[in-house]
Amino acid sequence: MTDRPALLHTVLDAEDPRELADFYAELLGLKFRDHDDEDWLVLVDDAGRQVLAFQRVSSLKRSTWPDPAVPQQLHLDLTVPTIGALYENRRGAEALGATLLLDRSEDEEEPLYVFADPAGHPFCIMVR
């Protein structure tokens, strides 16, 4: 097959897409694409590539991870280059409204944190 699909962006459901998009824009240094509305928002990188999108839903059950009652359904893995950057980004993520779910920062092979974003979607920040 020569014309495989290409991933455009990842879409996250949210009861308040603006709040969640603001969180990720600040966390990842992204900006808003022009011409979106409050029910559908897209974040782009400095080159204009679409990275994340957010769509309004009327209700969304927060993941209860690590309890499997309400599964993650999707999570984002984000990387930083050093353990110092990992610690710095923990403070930044929490200041933006993330909730720490798991601290594996002392793991010698793969130090990481697992957070829930303000809408309850789990995401990881790890050293790579």
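Small disclaimer: the values here were computed from a predicted structure and weren't measured.

Undergrad: Describe the overall build of the protein, and please don't skip the residues or the numbers.
TA: Along its length, the protein carries two helices and eight strands. Mapped from its N terminus to its C terminus, the protein presents α and β elements in the order β-α-β-β-β-β-α-β-β-β. Projected onto its principal axes, the C-alpha positions of the protein cover 45 × 35 × 35 Å. Out of the 128 residues belonging to the protein, those deemed buried represent 36%. In the protein, of all internal contacts separated by at least 6 residues, the share reaching a separation of at least 24 is 50%.

Undergrad: Pulling in residues and values, what's your account of the sheet that holds strand S2 (residues 31-32)?
TA: Spatial ordering of the open sheet is given by S1-S4-S3-S2, a layout of four strands whose pairing is mixed. The open sheet is flanked by strand S1 (10-14) and S2, the only strands paired with a single partner. Examined bridge by bridge, strand S3 (residues 40-44) and strand S4 (residues 50-56) share five bridges and lie antiparallel to one another. By the bridge assignment, valine 42 is partnered in S4 with alanine 53.

Undergrad: Kindly report on the nonpolar core, identifying the contributing residues and their values.
TA: Counting residues in hydrophobic clusters, the biggest one holds 26 residues, and the most contacted among them are Tyr24, Phe54 and Phe123. Elements with a contribution of two residues or more to this core: S1, helix H1 (17-28), S3, S4, strand S5 (76-80), helix H2 (83-95), strand S7 (112-116) and strand S8 (122-127). When residues in this core are grouped by element, the largest group, six residues, is from H1. In contact with phenylalanine 54, not counting residues within four places along its chain, are Leu12, Pro17, Leu20, Ala21, Tyr24, Asp39, Trp40, Leu41 and Leu43.

Undergrad: I'd like a rundown of the packing of aromatic side chains, residues and numbers included.
TA: Going through the model one piece at a time under the given rule, you end up with six aromatic pairs. Where tyrosine 24 meets phenylalanine 54, the ring centres are 6.1 Å apart and the plane angle is 25 degrees; that geometry is what we call stacked. On the criterion of sequence distance, the pair formed by tyrosine 24 in helix H1 and phenylalanine 54 in strand S4 is long-range, its members being 30 residues apart. Of the two residues, tyrosine 24 and phenylalanine 54, neither departs from the other in class, the shared state being buried. Here the aromatic rings of tyrosine 24 and phenylalanine 123 are separated by 5.8 Å at their centres, their planes lie at 65 degrees, and the arrangement is edge-to-face.

Undergrad: Now, about the confidence of the model for the protein: what can you tell me, with residues and values included?
TA: Residues with a pLDDT of 70 or more make up 98% of the protein, whose mean pLDDT is 94. Across the protein, strand S6 (residues 99-104) holds the top mean pLDDT of 98, while S1 sits lowest at 95.

Undergrad: Let's hear about the environment of histidine 35: which residues, and what values?
TA: For histidine 35, the position within the fold is in the loop between S2 and S3. A C-alpha to C-alpha distance of 14 Å links histidine 35 and glycine 48, two positions 13 residues apart in sequence.

Undergrad: Break down unusual backbone geometry for me, with residues and values.
TA: In this structure, proline 66 follows tryptophan 65 across a cis peptide bond, with omega equal to 10 degrees. Tracing the backbone through its elements, the reader meets proline 66 in the loop between S4 and S5. Positive phi values are uncommon outside glycine, yet histidine 35 reaches one of about 70 degrees. Of the residues examined, histidine 35 reaches a relative accessible area of 69% and is grouped as exposed. The backbone phi angle of glutamine 73 is positive, close to 70 degrees, even though this residue is not glycine. Looking at the element boundaries, glutamine 73 is found in the loop between S4 and S5.

Procedures and definitions
- Residues numbered from 1 in each chain as written.
- Predicted model: local features only at pLDDT ≥ 70, side-chain atom pairs only at ≥ 80, totals over all residues.
- Heavy atoms only, no water.
- Helix = DSSP H or I, 4+ residues; strand = E, 2+ residues; numbered from the N terminus.
- Buried < 20%, exposed > 50% of the residue type's maximum accessible area, 1.4 Å probe, protein only.
- Contact = heavy atoms within 4.5 Å.
- Pairing = 2+ DSSP bridges.
- Core = buried A, V, L, I, M, F, W, Y, C linked by side-chain atoms within 4.5 Å.
- Phe/Tyr/Trp six-rings, centres within 6.5 Å; stacked < 30°, edge-to-face > 60°.
- pLDDT = per-residue confidence, 0-100.

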